[in-house]
Amino acid sequence: MKTIPNILILLGVSLSGAVLGQTAKTDFDYTAIQPGSYDGTWWNRTPIRLIQTNFPAVYASMAVDDYVDALVDASANTVLFNTGGIVANYQTKLDFQYRNPHMGERDFVGELIEHVHEKDIKYIARFDFSKLHPSIADKHPEWLYVGTYGQNQTFNGLVSTCINGAYYQEHSLDILKEAIETYPLDGIFFNMMGYTGATYSGEYHGICQCGSCKRRFKESTGLDLPTSNDDSHISEYRRFQQETSRELYTKVTDFIKATNPNLIIYNYNDVGTSWIASESGGTPLRNGPEYIYNATNNVKQVLGSYKDVSPVNLTMGFLAIGYRNIMNNPNLLRGWMLENMLHGAPLGFVVVGTLNHYEDRVFLPKVKELYTFHKTHEPLFTNVQSVSNIALIQDRGGEDARGMIRLASEEHLMYDIINPSQIGGTRLPRQLEDYELVILNNVAMTDKELATAVSDYVKKGGKLLVLGSAVANGIEKGTGTFSLETLGVASVVDVFPKAQATYLKVSPTDQQLLSQSKEFSLMMMNARFLQCELTPGAKGYLRLLPTNLYGPAEVTWYEESQITQYPGVVYNDSGEGKTVFIPWDIGAEYEQRGNYAHRSLLLGTIKNLLSVDNTVETDMSPTIELTRLANRNGQFEWMGMINHSGFLGNSVREPITITNTSLKFKPLKPVKQVRLVNAETDVAFKEVDGWIECTIPRIADFEMLLCLYE
Ligand SMILES: [Zn+2]
């Protein structure tokens, strides 16, 4: 490390800088750090920076050099490029693949791969078998999707195919074989591989009624195809969709691996894939604010659930499906991209067109800035994993999941997200026993492996927080080792439906549960609620106050006698472990309203009932999302800080610089140096009883506090 040159001190630069919360920059050689390798692959827990140029066919006469120069300038090390399917950007010999007329006689894909490989950029070939050019579709009506009323689906001249037809089932493999055997690809990506849904404009033509679907459904179930969601056999059809989709993914991915085992496979599900795709943005046009933790939700779900795959979450540059030629809010996109980066996931960016052609260039300098930062500090993004004491078991889709991410981010809790489907399997990076607290967030206990794992965790002394009413759904299908008695519930007497003017009464003795705000004796409860009878040893807190009068004001009150015996929180000692059960959907409530009383209750149950403390003590603003990762090779750990303070709902503005934030934490190993990576400066720190204490002078849009081990 270099010291501050005396000349700066003489000029008063460091002094005035200190007053402003700025410190002189110092050099640091990041290439000297040896992060080691996670599993020896080039693609798992490695510093990937992918740019996907979703390529309009008309640009196929472009100069390849210009295209590649723009990728190099943006510090990308992986490109995803439209190769075959809807349009073949190479001289395909297959008569069922439409050759791009705009490329003329050139070997467009061949030229591109040669040029990107010269610059050490990996090439992922994008295929889309969901639609056909009409010149091919007209010859093969049996390959096409057929809507409820017997019509094919055509949008912008392209005709939708059906995954049960021979194009998907057989000829897609011919296309893949041709491309894999002709070009030195690094990977394969599938777009929209699955059953035909709504068109880009949102028009849905119903369950496919093509001959292949009819035949396969009949063979599989003995039934006729349903035509609507109200059909009595719709659940059999949904299961059929799942099974046939999975069968096709397996067939295609097995075929790719057999043809070239070195190729990685990138897709939206976990069947045979190396990278699981997800997207931040790129939705149909809609009103209202975006979910600021969207990328966090996407990447942490994969990082916490699979050790053998990586999440490549795409920051979708364009504003909406119907506005593909202009950018979304650059501050929103930056926040999502930072979430990818500071949770230790690859970077991914989608532009519809190329970096050269795109007309709205507002966000492009930020892409370059963040990608270049990532490239400069590659060792810090290599072979890292989160340092978390909480496992949040939840499914990505719901409001409950988003609400708990919101709470954890605002309160700087350190958590991993685990998909319930992976519990008890062999792909988990960490087992439940490694966590101080497991939160089961509105998950139905229908899966035997999940029920067994959660039950074992508690028996061995674990602390379990169960949120939401879904835990009782299908519990009898789980295993006898987990029952509602584990949670201190003897029986569910009834389910109280979501209704207005419904409260929880907070008694003086309930106050001990609360954290932060305590100045209330009524709490909102606008959710589905399980009315539970408790087992003798269990303890209930808060009481359900069912719907009461709320208008006009003259009659807005309740009687004490209306307060029920049914608790809003149940505490139980179960074997060696402890459980807390909140039998209503509090996660979704927090997502909908961010209510202080709900926050106080959730934090209180974690801290006061289950005695789980934050592993990081800080006065950090709730608008800063904090992450913590450590190198598996024992070289360093770091905390990432994403400044969301510019989030004002629909208009996301520049974040406010936040000054003088204190941090206290216990590093995994003794620390010799603490450095702010974005500010390019070292930080003075104190070490007390193995805890590091320091102050971060300023956090602009993001920061990384790096601790180098002795
Ligand atoms: Zn079909």
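Summary of the structure given here. (Residues numbered from 1 in each chain as written. Predicted model: local features only at pLDDT ≥ 70, side-chain atom pairs only at ≥ 80, totals over all residues. Heavy atoms only, no water.)

Examining empty space enclosed by the protein
Threshold: The definitions used throughout rest on a 1 Å grid laid over the protein atoms alone, on which a cavity is an enclosed set of points accommodating a 1.4 Å probe that cannot get out and a pocket is an open set flanked by protein within 12 Å on both sides along at least five of seven lines; lining residues are those having an atom within 4 Å of a point. Grid points are joined across faces, edges and corners, and a volume is the space filled by probe spheres set on the points. Think of it this way: any DSSP run of H or I at least four residues long counts as a helix, any run of E at least two long counts as a strand, and we number them from the N terminus. Charged residues are taken to be Asp, Glu, Lys and Arg, nonpolar residues to be Ala, Val, Leu, Ile, Met, Phe, Trp, Tyr, Cys and Pro, and polar residues to be all remaining types, Gly included.
Evaluated as defined, the whole model comprises five cavities of 30 Å³ or more. When its volume is computed, the largest cavity comes out at roughly 310 Å³. Counting only elements with at least two residues in the lining of the largest cavity, the list comes to α9 (294–305), β14 (384–386), β16 (415–418) and β27 (624–631). The element that contributes the greatest number of residues to the lining of the largest cavity is β27, accounting for five residues. Residue composition of the lining of the largest cavity, grouped by class: twelve nonpolar, eight polar and six charged. Around the second largest cavity, the lining is made up of 18 residues, and of these Asn 331, Gly 335, Asn 643, His 644 and Val 652 lie nearest the centre. Sorting the residues of the lining of the second largest cavity by element identifies α10 (330–342) and β28 (636–643) as the ones contributing at least two each.

Some words on the packing of aromatic side chains
Any two aromatic rings considered together are summarised by their centre-to-centre distance and by the angle between their planes. Definition in use: What counts as a ring pair is set by centres within 6.5 Å for rings of Phe, Tyr and Trp (its six-membered ring), and what kind of pair is set by the plane angle: stacked under 30 degrees, edge-to-face over 60, tilted for all other angles. A 1.4 Å probe rolled over the protein chains alone gives each residue an accessible area, and that area as a share of the maximum for its type sets the label: buried under 20%, exposed over 50%, partly exposed in between. We call a charge positioned over a ring when the NZ of a Lys or the CZ of an Arg lies within 6 Å of the ring centre and within 35 degrees of the ring normal.
Counted according to the given criterion, the structure contains 28 aromatic pairs. Judged by centre distance (4.8 Å) and plane angle (45°), the rings of Phe 55 and Phe 81 are tilted. In this pair, Phe 55 sits in the loop between β1 (49–54) and α3 (64–73) while Phe 81 sits in strand β2 (residues 78–85), placing the two residues 26 residues apart along the sequence. Relative accessible area serves as the criterion here: at 7%, Phe 55 is assigned to the buried category. On the accessibility criterion, Phe 81 (0% relative accessible area) is buried. Chaining the aromatic ring pairs together yields one cluster made of Phe 96, Phe 127, Phe 129, Trp 143, Tyr 167, Tyr 168 and Phe 190. Over the ring of Tyr 415 we find Lys 300; its NZ or CZ atom is 4.5 Å from the centre of that ring. The ring of Tyr 435 carries the charged tip of Arg 430 above its face, separated from the ring centre by 4.1 Å.

Here's the deal with the packing of helix α7 (residues 211–221) against helix α8 (residues 234–259)
Threshold: The angle between two axes is taken between their N-to-C directions and runs from 0 to 180 degrees, where each axis is a line fitted to C-alpha atoms and a helix contributes only its stretch in contact. By definition in this entry, angles of less than 35 degrees are roughly parallel, angles greater than 145 are roughly antiparallel, angles of 65 to 115 are roughly perpendicular, and the rest are oblique. Here, two residues are considered to be in contact whenever any of their heavy atoms come within 4.5 Å of each other.
One way to put it is that α7 packs onto α8 with a least axis distance of 11 Å and a crossing angle of 105°. One way to sum up the angle between α7 and α8 is to call them roughly perpendicular. Note on element contacts: α8 touches α7 through Glu 236, Tyr 237, Phe 240, Thr 244 and Glu 247, opposite Cys 213, Arg 216, Phe 217 and Ser 220. Among the residues forming the contact of α7 with α8, the class breakdown is four nonpolar, two polar and three charged.

Regarding the coordination of the zinc ion
Let me state the cut-off plainly: Metal donors: N, O and S atoms at distances within 2.8 Å, or within 3.2 Å for Na, K and Ca, with water omitted from the atom set so that some sites may seem incomplete. A four-donor site is classed as tetrahedral when every donor-metal-donor angle falls between 85 and 135 degrees; four donors are called square planar, and six octahedral, when trans pairs exceed 155 degrees and all remaining angles lie between 65 and 115, with any other arrangement labelled irregular.
Looking at the zinc ion, the protein donor atoms are Cys 162 (SG), Cys 208 (SG), Cys 210 (SG) and Cys 213 (SG), and they sit 2.2 to 2.3 Å from it. Here the zinc ion is ringed by four donor atoms whose angles at the metal span 98 to 115°, and the overall shape comes out tetrahedral. Spacing between the donor residues of the zinc ion along their common chain follows C-x45-C-x1-C-x2-C.

Things to note about the pattern of salt bridges
What counts is decided by this rule: The working definition used for a salt bridge is a side-chain nitrogen of Lys or Arg within 4 Å of a carboxyl oxygen of Asp or Glu.
Per the counting criterion, the structure on display carries 26 salt bridges. The salt bridge involving Glu 680 is made with Lys 25; its shortest N-O contact spans 4.0 Å. Pair noted here: Glu 680 is in the loop between β32 (671–676) and β33 (681–682) and Lys 25 is in the loop between α2 (13–19) and β1, with a separation of 655 residues, a long-range link. With a relative accessible area of 60%, Lys 25 lands in the exposed category. Measuring nitrogen to oxygen at the nearest pair gives 3.6 Å for the salt bridge that ties Glu 654 to Arg 334. Of the two residues, Glu 654 sits in the loop between β30 (651–652) and β31 (658–665) while Arg 334 sits in helix α10, which places them 320 residues apart along the sequence. By relative accessible area, Arg 334 is classed as buried at 6%.

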